[in-house]
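In case you want the letters, here they are:
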Amino acid sequence: MLAFLIKRTANAALVMLAVALLAFLIFRFFGDPVEMMVNEQATQADRAELRERLGLNDGFATQYLRFVAHAAQGDFGISYRNQQDVMTLIGERFPATFELVLVATVISLVLGIPLGVITAVYRRSKLADALQIGSIVGVSLPSFVTGILLILAFSVSLGWLPAFGRGETVDIGWWSTGLLTPSGRAALVLPALSLSTFQVTLVMRLVRAEMLETLRTDYVKFARARGVPAARIHWRHALRNCLMPVITLTGMQIGNLIAFALVTETVFQWPGMGLLFIQAVTFVDIPVMAAYLMLVSFIFVLLNTCVDITYAWVDPRLRDDTAKAGGGNG
Amino acid sequence: MADISHPDAPAREDTAMPPTSRRFRLLPAAWADSDLWFSFRSHPSAVFAACLLALIALTALFAPLIAPQNPYDLAALELWNAELPPLWAESGQWPYLLGTDTQGRDILSAILYGSRVSLVIGLASVVAALAVGLTLGLVAGYFGGWVDNIIMRAGDVLLSMPFILIAILISAMATAALPAGLKGLLALPILVIAIAVPSWVQYARTVRASAMVERRREYVQAARLIRVKPWRIMLHHILPNTLTPVMVAATLNFGLAILSEATLSFLGVGMPPDQPSLGTLIRVGNQYLFSGLWWIVVFPSVQLCLIVLCVNMIGDWLRDALNPKLR
């Protein structure tokens, strides 16, 4: 197990180094960092001094290693656009994205699991058919279209919920939360719904597939024979055995949700990391782009590694090398 | 499945017949009584989706002939026809079936032309990803060793970043690096590359897994013995055996590619407003969300969803139809 742990961690570290190389290449060779940072009046000497101070005259490997070392400490330099520390900028925006992703995940579980159970248990009914079709529609709806349609329905036509922004927020230490004020909660509803649409269908399809298999097992048949009420069999005994893959999926999808939040945040002008990133893209603010890329990839790799390790811990067969390589065809 | 993954697994015994006979029959007569066609006919949702998609593709293809207006010929736009609602609304006007935008552009025509751009980018990026993915997957699986290592590790790195993020970065960087004159001209190829880069890995992994199995089979070793060239073995013997899963993945990825293109264009790193795709139209229409001009944004959105929905329904059917476990 220890060998597997070390190997998996080393693997993740290597992947992160490669991502860092990409981010570094973008930062270093996409436009001249010095030209981006100085103002028009800077003299040649100023520029040369800044170049020296940033260490841009050093060798490639030295610069890359320095970039990695700084990145590991959360130092991604200064934003070209508003001259602020990049990590502070991202740190300010992180709570907004985190709350959005968290609520979207909760919605996806609260809606997806019961819907999945219903479509599996009553799979010959009209309702299940309708839900199945609904799930294909849900997968096909681009998240920004969902967002726009939600705004059109609930903000423009009905005027029930706000269409943009985060509402009022309360600061708890450095964390600013919108969950504690009525306007903050109202503002969260539409973005979270639109972000979770895809995830709901994903959870629902997974639960349905797992339930269909579980319902065929002997212990379910035995419970039926013993006269355990159907509801208790379905919602307690069978469902419990379906939850492990759901937890895995939810964990692994959090990285995707954070990435996809940038679309939702653009639609709803939600002041999170994704909106910051899109604005950075518009202004070619490379340090912010590099930092966002590294951060999201880090969360991605971290979650995947954790899931792999948990699986290996639960199922010793997966620690074996030969079995692991089989993942290539999955 | 263990022998797929284990490079040193002994060759299987049951390899007397080269499995090329499983290749898809494309002749009309053979197609007409194939299992696939039968399965297609007995799935009304797949037939419906295919018909609707064909209709959308044809109207997009022949947009210049069908569309009431050339939406990008500025001379054809008349400002007094601007902001007309759809025909069935009170002040709707013929021939503006779905209304007009703020410049007097016919929405239906804009959608037909926009679908063209979206479909072309979707198709081209799937073809590009297939070409790269199949080639690299075959090479990696057939030769193994360090070639395999480099290709698959590169794929791992790509998979460790979210799909949409890679596409945005490539598209944004390429556009920013280009001189202004070339931006419009190269917007389409840039998007194709931006979407193809993160999607080839899936094909490469699928093909690599089969290639690793096939290369140990006796018919491949026999072909090697009589000095058939490696590329010929890969193309004629190994590739056809991997096409079933690849076809399903390619269909579903076609929908994903159209979605990704629309997302990029919506975010402003895709097609420019003077040659809009459906995503660009939605981006532009989004600005009028609060001014009551809902038709500018809703109809392109509906068209986009219809296209992706049809593709996904066909993909779902294809996955079930080609799945040997469900036969």
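Residues numbered from 1 in each chain as written. Chains lettered and ligands numbered in written order. Predicted model: local features only at pLDDT ≥ 70, side-chain atom pairs only at ≥ 80, totals over all residues.

This brings us to the overall build of chain A. The helix and strand tally for chain A stands at 14 helices and 2 strands. Across the 330 residues of chain A, 38% fall into the buried class. Looking at chain A alone, contacts between residues at least 24 apart form 70% of all its contacts between residues at least 6 apart. (Helix = DSSP H or I, 4+ residues; strand = E, 2+ residues; numbered from the N terminus. Buried ≥ 20, exposed ≤ 12 C-beta atoms within 10 Å, placed from the backbone. Contact = placed C-beta atoms within 7 Å.)

This part takes up the overall build of chain B. Broken down by element type, chain B carries 14 helices and 0 strands. Counting helices and strands in the order they occur from the N terminus, chain B gives α-α-α-α-α-α-α-α-α-α-α-α-α-α. Classification of the 327 residues of chain B by burial places 44% in the buried group. Considering only residue pairs separated by 6 or more positions, chain B has 70% of its internal contacts joining residues 24 or more positions apart.

In this complex, chain A contributes 38 residues to the contact, which on the side of chain B involves 43 residues. For the side of chain A that touches chain B, the secondary structure elements donating two or more residues are helix 1 (2-29), helix 6 (126-140), helix 7 (143-157), helix 11 (243-268), helix 12 (273-282), helix 13 (286-314) and helix 14 (321-325) of chain A. Of the residues assigned to the side of chain A that touches chain B, the class counts are 28 nonpolar, 10 polar and no charged. (Nonpolar A, V, L, I, M, F, W, Y, C, P; charged D, E, K, R; others polar.)

What follows covers the environment of Glu214(B). You can see Glu214(B) is positioned in helix 9 (residues 180-214). Residues contacting Glu214(B), with those up to four places away along its chain left out, are Val220(B), Ile238(B) and Asn241(B).

Attention now goes to the environment of Phe254(B). All names here are of chain B. With respect to the helices, strands and loops of the structure, phenylalanine 254 is situated in helix 12 (residues 243-267). Residue classification places phenylalanine 254 among the buried residues on the basis of 22 C-beta atoms within 10 Å. When the C-alpha atoms of phenylalanine 254 and valine 126 are compared, they prove to be 6.0 Å apart, with 128 residues separating the residues in sequence. Excluding anything up to four places from it in sequence, phenylalanine 254 contacts Gly122, Leu123, Val126 and Val311.

A few words on the domain arrangement of chain A. As far as domains go, chain A holds domain 1 (11-72) and domain 2 (88-272). Between the C-alpha centres of domain 1 of chain A and domain 2 of chain A the distance comes to 40 Å. (Domains from an automatic or database assignment.)

Here we come to unusual backbone geometry. Glycine aside, negative phi is the norm for most residues, and most peptide bonds take the trans geometry. The phi angle at Gln269(A) is positive, at roughly 50°, despite the residue not being glycine. When you line up the elements, Gln269(A) lands in the loop between helix 11 and helix 12. A tally of 12 C-beta atoms within 10 Å means that Gln269(A) is categorised as exposed. Phi is positive for Arg227(B), which is not a glycine, with a value near 60°. Mapped onto the fold, Arg227(B) is located in the loop between helix 10 (218-225) and helix 11 (230-238).

This brings us to the nonpolar core. Soluble globular proteins tend to pack their nonpolar side chains together in the buried interior. With 152 residues, the main nonpolar core has Leu100(A), Phe277(A), Tyr292(A), Leu293(A) and Ile168(B) as its most contacted residues. By residue number, the principal contributor to this core is helix 6 (residues 107-143) of chain B, which donates 18 residues. Both domains that meet at this core, namely domain 1 (11-72) and domain 2 (88-272) of chain A, each give it at least three residues. (Core = buried A, V, L, I, M, F, W, Y, C linked by C-beta atoms within 7 Å.)

On to helix 9 (residues 218-225) of chain A, then. In terms of burial, helix 9 of chain A is largely open, as just 0 of its 8 residues are buried. With its phi angle positive at about 90°, Gly227(A) sits one or two positions after the end of helix 9 of chain A.

Before going further, it helps to examine the environment of Leu138(B). Residue and element names in this part refer to chain B. Mapped onto the secondary structure, leucine 138 falls in helix 6. With 13 residues separating them along the chain, leucine 138 and isoleucine 151 place their C-alpha atoms 11 Å apart. Those residues in contact with leucine 138 that lie beyond four places of it in its chain are Val207, Ala211, Met234, Ile238 and Leu239.

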